[in-house]
Amino acid sequence: AGAADRSSPGDYSMATRTLTQRIARLEAIAEIQQHVGRYAHAADRHNDAALMAPLFSKKAVWEAKGFGRHEGRDVIAAELARIGREEIVWSTHYMATPIIEVDDALREARCRWHLWELAQMQDAAAARAPAAAHWIGGEYDCKVILERGRWCFERVVLDLRLVHRHDAVWLPRS
């Protein structure tokens, strides 16, 4: 099978792309992977607003069940930082198996990846109790756009499939 046989549905054949187009697409994918890494880096620093804000477009939307829906770069950065101070007080994020689908114009992309996170979560009802270790798992589904020459999240949806204390019996949602 030739390169044209390996192209994905809806995508024009690898055989019709120039080498320059193919390299540009690979560079875009690599830049988006780095962007996801910067997001994890910021998240593991209590969702530091100074690190988070530049990752989002001005009109971005971020949402996750249990953590809300937030609109606008500054609101998102502030709310994520609040979560890092008050709810998930320590974390380490593992972003796994990214799937990045860049449009033909190299201006936007869909980016999905699995999340595996180890976290210390503070129970709001028991603020004086120590934070408890939790396992968190889910899937991100994002739209990234090229804005002023850099990739930014325009939409981030986190489908949390598991948020559970490490010491309790659990059955993840399927």
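Residues numbered from 1 in each chain as written. Predicted model: local features only at pLDDT ≥ 70, side-chain atom pairs only at ≥ 80, totals over all residues. Heavy atoms only, no water.

A. Quick look at helix α3 (residues 73-86). The end-to-end C-alpha distance of α3, which contains 14 residues, comes to 20 Å, matching closely the 20 Å that a straight helix rising 1.5 Å per residue would cover. Lining the buried residues of α3 we find α2 (49-52), β1 (56-64), β2 (68-71) and β3 (88-102). (Helix = DSSP H or I, 4+ residues; strand = E, 2+ residues; numbered from the N terminus. Expected span 1.5 Å × (residues − 1). Contact = heavy atoms within 4.5 Å.)

B. The packing of aromatic side chains, seen in detail. Tallied over the full model, the rule gives seven aromatic pairs. For the pair Tyr39 and Tyr140, a centre-to-centre distance of 5.5 Å together with 85° between the ring planes defines the contact as edge-to-face. Of this pair, Tyr39 sits in helix α1 (residues 19-43) while Tyr140 sits in strand β5 (residues 132-147), and the two are 101 residues apart along the sequence. By relative accessible area, Tyr140 is classed as buried at 2%. Feature note: the residues Tyr39, Phe56, Trp113, Tyr140 and Phe153 constitute an aromatic cluster, connected by ring pairs. (Phe/Tyr/Trp six-rings, centres within 6.5 Å; stacked < 30°, edge-to-face > 60°. Buried < 20%, exposed > 50% of the residue type's maximum accessible area, 1.4 Å probe, protein only.)

C. Structural detail: empty space enclosed by the protein. Evaluation of the coordinates by the stated rule reveals one cavity of 30 Å³ or more. Reported here for the largest cavity is a volume of approximately 200 Å³. Lining the largest cavity are 20 residues, with Asn47, Trp62, Ile88, His93 and Glu117 positioned closest to its centre. Of all the secondary-structure elements, those providing two or more residues to the lining of the largest cavity are α1, β1, α3, β3, β5 and β6 (150-165). (1 Å grid on protein atoms, 1.4 Å probe; cavity = no way out; pocket = protein on both sides within 12 Å on 5 of 7 lines; lining within 4 Å. Points joined across faces, edges and corners; volume = space filled by probe spheres on them.)

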